[in-house]
Amino acid sequence: PGSGDVAIFDADCDNGATINSALNVAGVTVQTGYIGTITQSAALTVGSSHYTQNDGVFTGSSGTAAIDINGRFILNGGTFTATKGTMTVGLDSCGSVTIFTVAAGATFTHNSGTVKFDPADSSCAGTASAFTVDVDTSLTLNYVTIAMGSATAGSDNITTAAGDKIIAAGNFTHTDGTLKGTW
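Described in the following lines is the structure provided in the data block. (Residues numbered from 1 in each chain as written. Predicted model: local features only at pLDDT ≥ 70, side-chain atom pairs only at ≥ 80, totals over all residues. Heavy atoms only, no water.)

### What to know about the overall build of the protein
Phase 1 of the analysis: What the protein contains, in helices and strands, is zero helices and 24 strands.
Phase 2 of the analysis: Radius of gyration (C-alpha) of the protein: 16 Å, near the 16 Å computed for a compact globule of 183 residues.
Phase 3 of the analysis: With respect to the principal axes defined by its C-alpha atoms, the protein has extents near 45 × 35 × 30 Å.
Phase 4 of the analysis: A separation threshold of at least 6 residues defines the contact pool for the protein, and within that pool the share at least 24 residues apart is 52%.
Phase 5 of the analysis: Of the roughly 7,700 Å² of accessible surface on the protein, a fraction of 46% belongs to carbon and sulfur atoms.
Phase 6 of the analysis: Placing the 5 positive and 14 negative side-chain charges of the protein at their respective mean positions leaves the two points 12 Å apart. (Helix = DSSP H or I, 4+ residues; strand = E, 2+ residues; numbered from the N terminus. Rg over C-alpha atoms; globule rule 2.2 N^0.38 Å. Contact = heavy atoms within 4.5 Å. Areas by Shrake-Rupley, 256 points an atom, 1.4 Å probe, with all protein chains shown as cover. Lys, Arg positive; Asp, Glu negative; His and termini not counted. Charge placed at Lys NZ, Arg CZ, Asp CG, Glu CD.)

What follows is the structure in structure tokens.
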């Protein structure tokens, strides 16, 4: 698949897949019924069509290969192990939007890497935006970085959903935007 394509893994596909060279796609959709494993060993860039996983297994790089999601990360089911490098999640949007979801029953493992949230609202001058991280009660990440890009310089916020908590086992770095919720 190319930069304009959504890579789809469906129930008819029971083979695993390996990302062994840099891959840039519009989106990744892992549908319910997919029983394979997607293994990342090179950089993965996902565009504004989001990363959505409902089943199967994603195994991130054991090295420094990055995952850069320029849309929403939605883990409704299955198992996702992030890269040992940096996984970046964010999109450029106005208003209120959930950018990171880990639903009940899904498994997210940090793999000792960094998860960086970098949402932006570059086209929303004068209007603050709210970006939400929604997990099943709590989620432990290794290193966490919040680096919001904003047309409204510092008035945007990133928040955890009501009752949710993000735990940083390692360093927590915050460079821009207002934090709300429990971090």
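What follows continues from the structure just given.
### Considering the sheet that holds strand β2 (residues 17-19)
Phase 1 of the analysis: Reading across from one edge, β2-β5-β8-β11-β14 is the order of the five strands in this open sheet, with parallel pairing throughout. Bordering the open sheet on either side are β2 and β14 (107-109), each of which pairs with just one other strand. On average, each strand axis in the sheet is inclined to that of its neighbour by 10°, with strand direction left out of account. (Pairing = 2+ DSSP bridges. Axes fitted to C-alpha atoms, helices over the stretch in contact; angles between N-to-C directions.)

### Comments concerning unusual backbone geometry
Phase 1 of the analysis: Here the phi dihedral of Asn111 falls at roughly 60°; this positive angle occurs in a residue that is not glycine.
Phase 2 of the analysis: By the secondary structure assignment, Asn111 is in the loop between β14 and β15 (114-117).
Phase 3 of the analysis: The exposure class of Asn111 is partly exposed, given its relative accessible area of 22%.
Phase 4 of the analysis: Of note, Thr137 is a non-glycine position whose phi angle comes to about 75°, a positive value.
Phase 5 of the analysis: You can see Thr137 is positioned in the loop between β17 (130-135) and β18 (138-141). (Buried < 20%, exposed > 50% of the residue type's maximum accessible area, 1.4 Å probe, protein only.)

### Notes on the layout of surface pockets
Phase 1 of the analysis: Roughly 160 Å³ of volume is contained in the largest pocket.
Phase 2 of the analysis: If you trace the largest pocket, you find it lined by Pro1, Ala7, Phe9, Ala17, Thr18, Ile19, Leu23, Val28, Ile38, Leu44, Tyr51 and Phe58.
Phase 3 of the analysis: Broken down by secondary-structure element, the contributors of at least two residues to the lining of the largest pocket are β1 (6-9) and β2.
Phase 4 of the analysis: Broken down by element, the residue count for the lining of the largest pocket peaks at three residues, all from β2.
Phase 5 of the analysis: Here the lining of the largest pocket is composed, by residue class, of eleven nonpolar, one polar and no charged. (1 Å grid on protein atoms, 1.4 Å probe; cavity = no way out; pocket = protein on both sides within 12 Å on 5 of 7 lines; lining within 4 Å. Points joined across faces, edges and corners; volume = space filled by probe spheres on them. Nonpolar A, V, L, I, M, F, W, Y, C, P; charged D, E, K, R; others polar.)

### Some points on the sheet that holds strand β7 (residues 51-53)
Phase 1 of the analysis: Taken in spatial order, the eight strands of this open sheet run β1-β4-β7-β10-β13-β17-β21-β24, and their pairing is parallel. Strand pairing shows two members of the sheet lacking a second neighbour, β1 and β24 (178-180), which therefore form its edges. Taken over all neighbouring pairs, the strand axes of this sheet differ in orientation by 15° on average, direction set aside.
Phase 2 of the analysis: As paired strands, β7 and strand β10 (residues 73-75) are joined by three bridges and run parallel to one another. Within the sheet, the bridge partner assigned to Tyr51 lies in β10 and is Phe73.

### With respect to the nonpolar core
Phase 1 of the analysis: Within the largest apolar cluster, 39 residues are counted, with the highest numbers of intra-cluster contacts made by Phe73, Phe80, Met87, Phe100, Phe108 and Phe117.
Phase 2 of the analysis: For this core, the element with the most residues is strand β13 (residues 96-102), which contributes four residues.
Phase 3 of the analysis: For Phe73, the residues in contact, after removing those within four places along its chain, are Tyr51, Phe80, Met87, Val89, Ile99, Phe100, Thr101, Val102 and Phe108. (Core = buried A, V, L, I, M, F, W, Y, C linked by side-chain atoms within 4.5 Å.)

### What to know about the packing of aromatic side chains
Phase 1 of the analysis: Throughout the structure, instances matching the rule amount to 13 aromatic pairs.
Phase 2 of the analysis: Geometrically, the ring pair formed by Phe100 and Phe108 is edge-to-face, given 5.6 Å between the ring centres and 70° between the ring planes.
Phase 3 of the analysis: A centroid spacing of 6.1 Å and a plane angle of 55° characterise the contact between Phe172 and Trp183, whose relative ring orientation is tilted. Separated by eleven residues along the polypeptide, Phe172 in strand β23 (residues 172-176) and Trp183 in the segment after β24 bring together distant segments of the chain.
Phase 4 of the analysis: In this structure Phe172 comes out as partly exposed when scored by relative accessible area, which is 34%.
Phase 5 of the analysis: Within the aromatic cluster, the residues linked to one another by ring pairs are Tyr51, Phe58, Phe73, Phe80, Phe100, Phe108, Phe117, Phe172 and Trp183. (Phe/Tyr/Trp six-rings, centres within 6.5 Å; stacked < 30°, edge-to-face > 60°.)

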